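Chains, contacts and geometry: an overview
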Amino acid sequence: MRSLDHPQLSSVSLSDALAALADPTRRAVVRVLTDGREHLAGDFDLGVAQSTLSHHMKRLRQGGITHSRPDGTRCWVSLRPEFDARFPGLLRTVLGLDTEETRN
């Protein structure tokens, strides 16, 4: 089974994270992942080629934002729960998420 590199979050800088979130396609991926579940590439209807989506997934992984779990020929992707502990509120701010909790 193939192995994917996931950086230690202590080595991920704010610049790394922001660079990963700079692209609108990557932000769209992260928005889908905010549901807290694992997703397959087919769950992202972004109008880009598979190779382009793979590139965006790699950038999100390198930015410490996502975790990819290979499973045979598939790859499940989820948000790294510890990312929010490293950069509290960053995803919510960059994605422009506004919930009742953040307004109180």
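Look above for the structure.
With that settled, consider the pattern of salt bridges. Two side chains carrying opposite charge are able to pair once their charged atoms lie near each other. Taken as a whole, this structure holds three salt bridges when the rule is applied. With a closest N to O distance of 3.7 Å, Arg37 and Asp35 form a salt bridge. Two residues, Arg80 and Glu82, come together in a salt bridge whose shortest N-O distance is 3.0 Å.

Across the interface, helix 2 (residues 24-33) lies against helix 3 (residues 50-62) with an axial gap of 10 Å and an inter-helix angle of 75 degrees. On the basis of the axis angle, helix 2 is roughly perpendicular to helix 3. Residues Thr25, Arg26, Val29 and Val30 of helix 2 form the contact with helix 3, whose own contacting residues are Leu53, His55, His56, Met57, Arg59 and Leu60.

The next point concerns the pairing of strand 1 (residues 66-71). Burial of strand 1 is one-sided: the residues Thr66, Ser68 and Pro70 facing one way are buried, the residues His67, Arg69 and Asp71 facing the other way are not. Two strands pair when backbone bridges link them, and strand 1 and strand 2 (residues 74-79) are joined in this way by six bridges, in the antiparallel orientation. Bridge pairing links Arg69 to Trp76 in strand 2. Counted between consecutive antiparallel strands, the loop separating strand 1 from strand 2 contains two residues, among which Gly72 sits at a positive phi close to 65 degrees.

In the structure shown here, the tally under the stated rule is one aromatic pair. For the ring pair Phe83 and Phe87, a centre distance of 5.3 Å and an interplane angle of 50 degrees mean the geometry is tilted. Accessibility assignment for this pair places Phe83 and Phe87 in one class, buried.

Within the secondary structure layout, Asp43 lies in the loop between helix 2 and helix 3. Here the alpha-carbon distance between Asp43 and Leu33, two residues ten residues apart in the chain, equals 9.9 Å. Among the polar contacts listed, one links the side chain of Asp43 to the side chain of His39, at a separation of 3.0 Å.

Reading the values: rules and limits
Residues numbered from 1 in each chain as written. Predicted model: local features only at pLDDT ≥ 70, side-chain atom pairs only at ≥ 80, totals over all residues. Heavy atoms only, no water. Salt bridge = Lys/Arg side-chain N within 4 Å of Asp/Glu carboxyl O. Axes fitted to C-alpha atoms, helices over the stretch in contact; angles between N-to-C directions. Helix = DSSP H or I, 4+ residues; strand = E, 2+ residues; numbered from the N terminus. Parallel < 35°, antiparallel > 145°, perpendicular 65-115°, else oblique. Contact = heavy atoms within 4.5 Å. Buried < 20%, exposed > 50% of the residue type's maximum accessible area, 1.4 Å probe, protein only. Pairing = 2+ DSSP bridges. Phe/Tyr/Trp six-rings, centres within 6.5 Å; stacked < 30°, edge-to-face > 60°. Polar contact = N/O pair within 3.5 Å; in protein donor to acceptor, adjacent residues only side chain to side chain.

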